[in-house]
Structure formats: C-alpha cells, structure tokens
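Structural features, examined
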Amino acid sequence: MRSSTADKTTHPVLIFWIVAGWVGYCLLPWYMVEDGIWSFEWLFDGYPFNEDYAPAAFLIGQAEKLWLAPLLIPLSLPFLALGRVKSDPMYSRILILSGALGFGWLIAQGFSIGIRGFNYDWLTTVFGDIRIRQFGMGYGAMICASAFLFILTQGIAARGAINGDVFVVSAIGGVITIVTAFVFFPIAKMLFAAFVTEDGAYSMSVFFAKFFDDRLWGLGCLWGARCGAAWNSLFLAIMVGFITTALGLAFALVVTRSGFRYKRALRALTVLPIITPPFVIGLALILLFGLSGSVTQFFAELFGVQPTRWLYGMPGVLIAQTLAFTPIAFLVLIGVVEGVSPSMEEAAQTLRANRWQTFKTVSLPLMRPGLANAFLLGFIESMADFGNPLVLGGNFDVLSTEIFFAIVGAQYDQGRAAVLAIVLLFFTLSAFYAQRMWLGKKSYTTVTGKGDSGVHPLMPNGLAIPVMVVAIGWALFTAAVYAMIIYGSVVELWGVNNSLTFKHYVTAFSVRFEEEGIRWTGAAWDSFWTTITIAAIAAPLTAAVGLVTAYLLTRQSFAGKNAFEFGTMLSFAIPGTVIGVSYILAFNVPPIEITGTGVILVISFIFRNMPVGVRAGIASMSQLDRSLDESSLTLGANSWQTFRRIILPLLRPAILAALVYSFVRAMTAISAVIFLVSAEYDMATSYIIGRVENNDYGLAIAYSTTLIFVMLSVVGAMQLIVGRTQIGRRMSQSRTNV
C-alpha cells in the first residue's frame, strides 16, 4: 500500500526552500546592485567581498550590517523538521516558528534602518545613532524572504489549514504578501496624505475641509452651473458601464451566435481601441467632430448651421471611453458566451422552446457573471481614466483629472489628491458590492465532466437584426476613427498641410546598415524596445497571478476571503496617477528601493492589470463544475496538478483575455508611466506625450500607428498559441451567412 502524505519523511518542496534561503543568504548580493536588478556586472566587481555586492554572510564576516546575523537562527530551524512526518505537531511548529521569525525580522529591520540610519526617532533614542545605512533588497534578500514565506505556509498547511493542501495555502500566502506589498502598502502611503497638515501632523479637520469642497460635491448642474467632479464621474461611469457591456455582448453574440461571414475581421476590429493611446483616439474624434472637424463642417454646410463645440465635455468623453473600453467587455464576455453549454440550450429546444425563449430563459441567465464583471470593469475603467477627459473634457470635471492636476499642477496638493482618491475608491467599491449582490449565491455552472457534443443555436431573428445593426454600425464608426489616425500619420501637418509623406515614420524608425551591423538610428527605437521588453515580461506574470487568484476565489474557502478579493481589485479602482505617485513614495527608499528601474514598471503593470485576469478567470470558472476538481483529486492528483491539467485547459478564453489586455495596457498605459519612467527606461507613451507637447503630432501619430500594428500582430500570435475552448464537438452545417 502507498503511504499517506502525512507519513512521509521526505519533503522535496521544503528542501528546495531551505536551499533557496541559504543560497540567498550566503551567495547572492543582499542589497540592490547599483546597475539594477537585470545587471550581472557585480560578478566581476569585487564580488563577494565588495560591500555593495556582498551576500549577507560575507557582510557579517566583515563585521558589517550585523542586524542580519539573527537570520541564521530561522534559517537553521527547518533542518530540525526534515526527519519528522508531517502529522507530527512539532513539524508544523518548527516551520511556522522559522518562517514567522525570519520573515518578521526581515520586515522589522527593513523598515527600521534606511539610507540615513534609523528611520524612527525612538530607535535612535534607545540605541543611539548607528551611522550605518542600508539600501533596498537585492537578489539575496528577496530569495531569502520568499524562502521564509513559503516555509511558513508549509507549516500552516501541516497544521491542517485548507485540508493540509500545500499548493493552496502557499498560493494564498504568496498572493496576500505581494498584494499587501505592492497594492495596500503604496496606496496607504498615499492616502495617509489626506490627513497630513502643513507641519507634518495628522488632523481629521484637514481631511473634512477638503472632502466637503464644493468643487467635489457641488450640484450647480441642477440650475445650469457646473456640477461637482464626484457626480460627473459617477454618472459618466454608470453610462459607460451599461453601454460598453451592451456593445460587448452584441459583439460576442455576433461572433459566436450568428452566421456572419466576416467574424474574424469584426473580432479584430473590437480590440483596436485598447491597443491605442487614449489621447490619439481623442485627437481623431476632434478631427472628425471638433469645431473644424470634417464631419462637423460637412453637416454645417449641408444644413446651413453654425458649428458648435458639442464634442468637448461629457459627450466627447462618453464616446471616447465607450470606444476605449468596449473591447474589455468583449474580451470578458466572449469567454462566457462561448462557455454556455450547448446541450442545455438544445435541451430547452427539445422541450419546444423557440430560439428567443431559449436565449431569454437559458442562455442569458447563464451569462450573468460575465455581464456583471463586464459592467464592473467598464465602470472602474471610466472612473480611473484620465487620458480621455484630459483631451476632451473641457469644463466637464471628473475625479481622475482633478487628481492629476492636484499632483502635477502648480498647487501640488497631495492631500487633495488623496481625498479625491478616497471618494473614487468609495464609488468603485460600491459598484463592486452591488455586483456581488446582483449575482447572489446562484450557480452558473454549465461545463461538467460529461461529454458535450452540442452546437450553440443561432440568435432569434428578433434579436439578431438589432444586434447585427448595432455591432456593425459601431464597427464601422471604429473603422472611421482609425482611418483618421492612419491618415494623420502620413500627412505633412495634420489639419494644416495634408500633402502625403512618410517622413514621420523615417524620423521615428529609421535603420542604417553598417559593417558593424544594424544601427537603430530612429528617434523612437530606444523607447520602443524598452516598451516591448517590459510588456512581454509583465503580460504572462499578470495572467499567472490573476488566474491563480481567480482559482482561489472560486474554488477555495478560507478565512478573510472577502478581504482577499477586495485587495485584488483595489489597484484597479485607483487612478494610474495615484498609483504612480504612491509607488514613488513607497519604493524610493528601503526596504524596496526600485524607483527609476525597469522593475517598478513591470510591478506597476502587473498589479494595475491583474484584476482583469481575476475577473475573466472568475467569470469562466463560475461555469466549471466542481466535480471536475473532485474527480481529479479522487484519482490521486493534488491541487496543483488539478489546476494545471484540468482547470487551465478549460480557461483558454480567460487566459487570452488576461494576456492580451495586460500586454496592450503595458504598451499603451499613460497615467502611472508618466511618474515611473526614467532616462534609462523610457516608455512609448511617455515619448509620444513628449512629441504631442512639442506639437509634433505627425511623429506622435506615426509612432502610435506603428504600435497598433505591432500589437495586432502580437494579439494574433497569442490567439494562435493559447487557442480557444471547443466545448461542442460537431460543426454546424446548417448555419447560413448573414
């Protein structure tokens, strides 16, 4: 008979983390190397005796940084557990003690000692001025901290938490730690500024004075004056959420439930807006519908009316945000619509329900998780967006632009920005809980372990006609906007001199072939390669963290689950401007000192875009029967094997949504990037903004157009690599082309 897991005395995972901890402590640089985390020049610059690059063990040997010596105790403790079985109470106690001591000490000494000695006056009073400083965590400290964390989670699992499942407990511990470090901590640093007075003290009166400002809550719009930014943002976000969800559903139905022959072209057109910097869409809308826009002038001459500035304000922002965020709703809904089991729809038809009754009573109710998540993402995106309101807002004030001007404007009022961020967070969290109440505790499971060879029925004619009209009409409008963008990239001076030229592309992306090899002489190449690299690193990490989190939320029950889900959505609810500034405040000093490096860009993208992977994963996993997991576990697979071999293959739409969205958002992000780029790590969007500020619109649009085609190619490649979920086995032969 095979012995149970609890009786085994060989612990390969534990041994791995013990070895990793000692490698981090004895062999790798403890502090962040001067040339950045990607550089390995330290290997040839006095390593391991150079104080800047020395591992912790060598620093202690040189009588430096002696506060690292106590870590030897928790590093040694796990050896006492190696000869014990997991069911032995001492096994879990030793690992919990080791992990808690090591991880706790790393946090305590990291926050207590900074680049100027002790960070707190009371420590200086007790121990005196140590006149020794430490920098941010390097390879060694990060690996050692990870070892302590996962040794701790193995001890918690051994005590029976979540049925002793090491993978689940470790995943929960890992996600909680990184979300706390890279979401809660920086945002808390920023929000505390709402209570800080001019002399550095804390006061509630300062908060309330800024919170009840008329510019925030004013109702002047009721009698013709300007309305407060809070009400403007709320009304706009609700409208954007509803419209983008409806359009996303229309596109998803056309792609999956119709015989429309140009589905691939329509599907490609739906993702165009999310691979474009928002201000470029705004400029295209201005050329079409602005005071001197081509469409505005055409109708003014046709009807003999005076052109107006109707685009600037809520109408223009609503159109731009609907263009920009409909693809998000589509990417979430396409997986949900495809995931509805064909056999359930066929069963309804067998019971003599017509196609409209089948759609209304079976298909649509099973799509509720996707509809709710699509609305939530549209609402939050609208709340957090500042690029479109900045270009088209006019006198229509919203929270995101007010935050932006509070931070980068002449006032530089961090306290006001923090108060506005709190209001914005309240709105987004209210939408989050409203979504949970609407979904309730109903089951939306449609995919079980049984075979399913059904075919999705076509939409009923009464629904197909309006859906097709709306989807094709919006697609044509999107095509017109992008035609203006492409046209603007090949004219001499957009709107002034419309003679055709390719000089903008030559200036940005010229290449010279020399004897030494290829020289990238174009002005945009540096930022282009940096952006591609950062996005390529961030996208799979974002998808991985998001889908693992979704798995934990849908498949596991544990204490603090609601708070856990709240943390995963928090970064998405905060504007990018606040994320950027909070990251600078939090990560400019030890223990995590990454400002000005490429790492801070990767991390900001991961945790800014992670909620899309979480919501897409939750929507898709809600349709997978738990019996699939139970069958796998019954056959002897552990949770990791079940997740990798059973769950992930059925989540291809969610994986694709997370990969596509995270990659293109990393390529086109603006708000946080403005604050986090450096001379060495300049991103494409910051370069484009610089061109716009210098009135070099042709080069800016040419660069944006190039990014569009690059990202379209990458999205197509991702679709081929990831594939799609094929639930029905039979191919329909009866569908007619529309």
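Residues numbered from 1 in each chain as written. Predicted model: local features only at pLDDT ≥ 70, side-chain atom pairs only at ≥ 80, totals over all residues. Heavy atoms only, no water.

Turning to the overall build of the protein, a few remarks are in order. Tallying secondary structure elements over the protein gives 32 helices and 6 strands in all. Partitioning the contacts of the protein with sequence separation of at least 6, the portion at a separation of at least 24 is 75%. As displayed, the protein has an accessible area near 32,800 Å², and 64% of this comes from carbon and sulfur atoms. (Helix = DSSP H or I, 4+ residues; strand = E, 2+ residues; numbered from the N terminus. Contact = heavy atoms within 4.5 Å. Areas by Shrake-Rupley, 256 points an atom, 1.4 Å probe, with all protein chains shown as cover.)

With that settled, consider the environment of F330. Tracing the backbone through its elements, the reader meets F330 in helix α14 (residues 314–339). When the C-alpha positions of F330 and G248 are compared, they lie 4.1 Å apart, and in sequence the two are 82 residues distant. With residues up to four places along the chain from it excluded, the contact list for F330 reads G248, F251, A252, V255, R267 and T270.

This paragraph deals with helix α29 (residues 652–668). When the terminal C-alpha atoms of α29 are compared, their 24 Å separation across 17 residues agrees well with the 24 Å that a helix rising 1.5 Å per residue should span. Counting buried positions along α29 gives 16 out of 17 residues, so the element sits mostly inside the fold. (Expected span 1.5 Å × (residues − 1). Buried < 20%, exposed > 50% of the residue type's maximum accessible area, 1.4 Å probe, protein only.)

The subject of this paragraph is helix α28 (residues 639–647). Among the residues of α28, S639, T642, F643 and I647 are the ones counted as buried. Buried positions in α28, seen along its axis, are confined to an arc of 100° and lie on one side of it. In this structure, the buried side of α28 is in contact with α7 (166–191), α23 (525–555), α26 (598–621) and α27 (626–634). (Arc of directions from axis to C-beta.)

Before going further, it helps to examine the confidence of the model for the protein. Across the protein, pLDDT averages 81, with 88% of residues at or above 70. Confidence, read as mean pLDDT per element, is least for helix α15 (residues 342–350) in the protein (67) and greatest for helix α3 (residues 72–76) (96). Throughout residues 1–6 the model reports pLDDT below 50, and contacts reaching past four residues in sequence, or to other chains, amount to 5 contacts. Of the regions scoring below 50 in pLDDT, residues 725–738 engages in 33 contacts with residues more than four places distant in sequence or in other chains. (pLDDT = per-residue confidence, 0-100.)

Here we take up the side chain of T530. Following the sequence through the fold, T530 ends up in helix α23. The exposure class of T530 is buried, given its relative accessible area of 16%. Apart from residues no more than four positions distant in its own chain, T530 is found in contact with E680, Y681, D682 and M683.

So, on to unusual backbone geometry. Looking along the chain, the bond that leaves P590 and enters P591 is cis, with omega of 10°. Its location among the elements puts P591 in the loop between α25 (576–586) and α26. Here the phi dihedral of A63 falls at roughly 60°; this positive angle occurs in a residue that is not glycine. In this fold, A63 is placed in the loop between α2 (56–61) and α3. A63 sits in the exposed class, given a relative accessible area of 55%.

Next up on the list: the nonpolar core. By size, the foremost hydrophobic cluster in this structure holds 187 residues, and its most contacted members are L285 and L552. Counting 18 residues, the second largest nonpolar core, distinct from the first, contains Y31, L59, L71 and L123. (Core = buried A, V, L, I, M, F, W, Y, C linked by side-chain atoms within 4.5 Å.)

Time to look at a nonpolar patch on the surface. A cluster of nonpolar side chains, namely I107, F111, Y120, W122, V126 and F127, defines an oily patch on the protein surface of about 640 Å² accessible area. When contributions to the nonpolar patch are tallied by element, the ones reaching two or more residues are α4 (89–112) and α5 (121–127). Per-element tally for the nonpolar patch: the top contributor is α5, with 3 residues. Residue F127 is classed as exposed on the basis of its relative accessible area, which comes to 58%. (Patch = residues over 30% accessible without salt bridge, like charges linked within 9 Å, V, L, I, M, F, W, Y side chains within 5 Å. Salt bridge = Lys/Arg side-chain N within 4 Å of Asp/Glu carboxyl O.)

Attention now moves to the packing of aromatic side chains. Aromatic ring pairs are defined here through the distance separating the ring centres and the angle between the ring planes. Taken as a whole and judged by the stated rule, the model has 44 aromatic pairs. Seen in terms of ring centroids, F207 and F208 are 5.3 Å apart; in terms of plane orientation they differ by 70°. Their pairing is edge-to-face. Using a relative accessible area of 11% as the deciding quantity, one classes F207 as buried. Classification of F208 by relative accessible area gives partly exposed; the value is 38%. Taking the centre distance of 5.5 Å and the plane angle of 15° together, the rings of W525 and W529 count as stacked. One end of the pair, W525, and the other, W529, are both in helix α23, 4 residues apart, so they sit about a helical turn from each other. Judged by relative accessible area, which is 10%, W525 ranks as buried. In textbook terms, an aromatic cluster arises when at least three aromatic residues are bridged by ring pairs, as seen for F195, F207, F208, F211, F212, W217, W231, F426 and F427. Across the ring face of Y312, the terminal group of R309 is positioned such that the distance to the ring centre comes to 4.5 Å. Sitting over the ring of Y687, R691 keeps its end group 5.4 Å from the ring centre. (Phe/Tyr/Trp six-rings, centres within 6.5 Å; stacked < 30°, edge-to-face > 60°. Lys NZ or Arg CZ within 6 Å of the ring centre and 35° of its normal.)

Inspection of the entire model under this criterion finds 6 salt bridges. Here R416 makes a salt bridge to D213, at a shortest N to O gap of 3.3 Å. Taken together, the positions of R416 in helix α20 (residues 414–439) and D213 in the loop between α8 (204–211) and α9 (214–217) put the pair 203 residues apart, joining distant regions of the chain. Residue classification places D213 among the partly exposed residues on the basis of a relative accessible area of 22%. The salt bridge partner of E402 is R416, with a shortest N-O separation of 2.7 Å. In this pair, E402 is assigned in helix α19 (residues 399–408) and R416 in helix α20, connecting sequence segments 14 residues apart. Comparing E402 with R416 shows no difference in burial state: the two are buried. In this structure, a network of salt bridges that share partners links the residues D213, R215, E402 and R416.

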